[in-house]
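Chain residues, written in single-letter form:
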Amino acid sequence: MKLCEFIRPATLAQARASLRKLGPKGMPLAGGTALHFMPGKTPVSAVDLTGLALSYIRQKGNFFEIGAATPLSDIQRYRSPRWAMHEICRRISTHQIRNVSTIGGNICRVFPWADLPVVLLAMNARMVIYSGKAKEMGADEYFSSQPARLFRNGDLLTAVKIPVLKAQHGFGSVKATRNAAAFSMVTIAALLELKDGRIAAARVAAGSAIPFPKRLRSVEAALLGKEPSSETFRAAAALAGTDAKWCKQEGMSAEYVAGLAEVSIVDALERAAEFARGRTA
Amino acid sequence: MKTNTCSVSFSINGEKKTFATRPDEKLLDLLRREGYKGTKYGCGQGTCGACTVIMDGRAVYACLLYAMQAEGRKVRTIESMGTYDKPAPIQQELVAAGAVQCGYCIPGIIMSATALMETEKDISDEVAKEYMDGNLCRCTGYEKIWVALRRTLDRAAAEPKKKASKGGKK
């Protein structure tokens, strides 16, 4: 994408005003890595969001709040007893990209291979959007279609709120790739809540092998009330085809991708159950 | 639409400088135009790592940054490292291990290794490999580069102990 101007607003209000004025000729920029690959012959004005103090991670009440301009490497390195976001962030792209690419950039315009939307769907995250004032939106609504729709009028994503996992909660994610830095073939994330040795709540999401990340609601329903065993997980994963139409990819048939997705779902659920048991113990 | 010219100021290898640029000029292009040609153009799309520089202590791809993004930052290139007569430890070990064949990837490898050594303590193999996962080498198969890096890390880890034991004798 060609840039014809580089604007550095001092406040969120200024950034929003610039983007509103520019319309489709304006482009918010944080890490900016994706801009280099976006098509478009018409030059646009970049509105730099990195000077707006949007790079931070802090725990506030029942949420971890991550500033939208926080680089993935900061999320990867952050540690807290009930923190699970580092697991997927260390698997995204390369060290140099993680040092620049931001959580906001990853989820304001969702590419098919993006991992973070999958994780945020499973985590039931909340997105904070600035539209003159701050408003929150749950992950299900936010990722119901391309989130770029929410920012066409200059509104800005300012933070992502991740619920702090409780003692009986477990989270697991799996990213299947050809090599360490490759795009995902299948990404699965699962959040389980165990109560009295059974699954009381479940959120399972998938991405990369489908056109847009989504929750696997048939899989979730099949888990409820069951014991968190391998048999339960395999039976639930077998229903994933009801929720998602797996797409063939380079060198892989749709049947192969479906098999890979099922195995990945079972792995993610096993990890989530282990996590939950560890917390319960 | 006309592309504006603009200027960007940042510290390059410890020197504060201001450069004329364009909003869409890549940091890599600016650096090479200004004579910092040790930073290599490889893939130009953030895959190979030949253009790796250190910005505010972090390894980044200069090909995936607009020059304007460096405003007010501290940028270090391979030119800030050792010289032919006085190579840095990582450069010495790369040569000793026979890890430099065509040499095109080496500036990027050195900058990633430097970011690793300046950021982390008690560096495990896992952490070292994480820092190096964005640098490709098509000559060596990585083994010799890995040997050189591990020797450099071991040297650095032994260094404070040597100093401490010297201090102890006094």
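Predicted model, so just to flag it, every value in this text is computed and none were measured. (Residues numbered from 1 in each chain as written. Chains lettered and ligands numbered in written order. Predicted model: local features only at pLDDT ≥ 70, side-chain atom pairs only at ≥ 80, totals over all residues.)

**Remarks on the overall build of chain A**
In terms of regular secondary structure, chain A is built from eleven helices and twelve strands. Expected size for 281 residues packed as a compact globule is a radius of gyration near 19 Å; at 19 Å, chain A falls within 12% of this value. Along the first, second and third principal axes, the C-alpha atoms of chain A reach 55 × 45 × 30 Å. Across the 281 residues that make up chain A, the buried fraction comes to 49%. The long-range fraction of contacts in chain A, counting pairs at least 24 apart against all pairs at least 6 apart in sequence, stands at 64%. (Helix = DSSP H or I, 4+ residues; strand = E, 2+ residues; numbered from the N terminus. Rg over C-alpha atoms; globule rule 2.2 N^0.38 Å. Buried ≥ 20, exposed ≤ 12 C-beta atoms within 10 Å, placed from the backbone. Contact = placed C-beta atoms within 7 Å.)

**Concerning the packing of helix α2 (residues 89-96) of chain B against helix α3 (residues 106-119) of chain B**
Helix-helix packing: each pair is described by the crossing angle between the helix axes and the interaxial distance. Residue and element names in this part refer to chain B. Axis separation between α2 and α3 bottoms out at 10 Å; the angle between their running directions is 130°. When the interaxial angle is binned, α2 and α3 end up oblique. In the crossing of α2 with α3, the sense of the turn from one axis to the other is right-handed. Between α2 and α3, the residues in contact are Ile90, Gln91 and Leu94 and Ile106, Ile110, Ala113 and Thr114, respectively. Here the residues of the contact of α2 with α3 sort into five nonpolar, two polar and no charged. (Axes fitted to C-alpha atoms, helices over the stretch in contact; angles between N-to-C directions. Parallel < 35°, antiparallel > 145°, perpendicular 65-115°, else oblique. Left-handed = near helix turned anticlockwise from the far one by under 90°. Nonpolar A, V, L, I, M, F, W, Y, C, P; charged D, E, K, R; others polar.)

**Considering the pairing of strand β1 (residues 6-12) of chain B**
All names here are of chain B. Of the strand pairs in this sheet, β1 and strand β2 (residues 15-21) are connected by seven bridges, and their pairing is antiparallel. Paired with Val8 across the strands is Phe19, a residue of β2. Hairpin geometry of β1 and β2 is characterised by an intervening segment of two residues between the two adjacent antiparallel strands and by a positive phi of about 50° at Asn13. As defined by bridge partners, β1 adjoins strand β5 (residues 74-76) across two bridges and the pair is classed as parallel. Across the sheet, Ile12 pairs through a bridge with Val75, a residue of β5. (Pairing = 2+ DSSP bridges.)

**Remarks on the pairing of strand β11 (residues 198-207) of chain A**
The side chains of a regular strand alternate, first on one face of the sheet and then on the other. All names here are of chain A. Counting buried residues in β11 gives seven out of ten residues, a clear majority hidden from the surface. As judged from the nine bridges shared by strand β10 (residues 186-195) and β11, these two strands associate in the antiparallel manner. Across the sheet, the residue bridging to Ile188 is Ala206, located in β11. Both β11 and strand β12 (residues 214-215) contribute to a ladder of two bridges, which runs antiparallel.

**Focus on the interface of chain A and chain B**
Listed as interface residues are 19 residues of chain A and, on the opposing side, 23 residues of chain B. Only β1 (3-7) and α4 (95-98) of chain A provide two or more residues apiece to the side of chain A that touches chain B. Grouping the amino acids of the side of chain A that touches chain B by side-chain chemistry returns nine nonpolar, seven polar and three charged.

**Focus: unusual backbone geometry**
Its identity is not glycine, yet A:Ala53 carries a phi of approximately 55°, on the positive side. The topology assignment puts A:Ala53 in the loop between β3 (44-48) and β4 (57-60). For A:Ala53, a count of 11 C-beta atoms within 10 Å corresponds to the exposed category. Positive phi values are uncommon outside glycine, yet B:Asp122 reaches one of about 45°. If you trace the backbone, B:Asp122 turns up in the loop between α3 and α4 (125-131).

**Observations regarding the domain arrangement of chain B**
Residue and element names in this part refer to chain B. Taken as a whole, chain B is organised into domain 1 (1-80) and domain 2 (81-165). Here the element with the most residues in the side of domain 1 that touches domain 2 is strand β3 (residues 52-55); it accounts for three residues. When grouped by side-chain class, the residues that make up the side of domain 1 that touches domain 2 number seven nonpolar, seven polar and two charged. (Domains from an automatic or database assignment.)

**A short note on the sheet that holds β4(A)**
Residues and elements named next belong to chain A. Reading across the sheet, the five strands line up as β4-β5-β8-β6-β7 and stay open at both edges, with antiparallel pairing between neighbours. In this open sheet, the two strands that pair with only one neighbour each are β4 and β7 (134-138). The mean angle between the axes of side-by-side strands here comes to 25°, regardless of whether they run parallel or antiparallel.

**Re helix α9 (residues 230-237) of chain A**
Every buried residue of α9(A) is listed here: A:Phe233, A:Ala236 and A:Ala237. The buried residues of α9(A) all sit within an arc of 95° when viewed along its axis, so they share a single face. (Arc of directions from axis to C-beta.)

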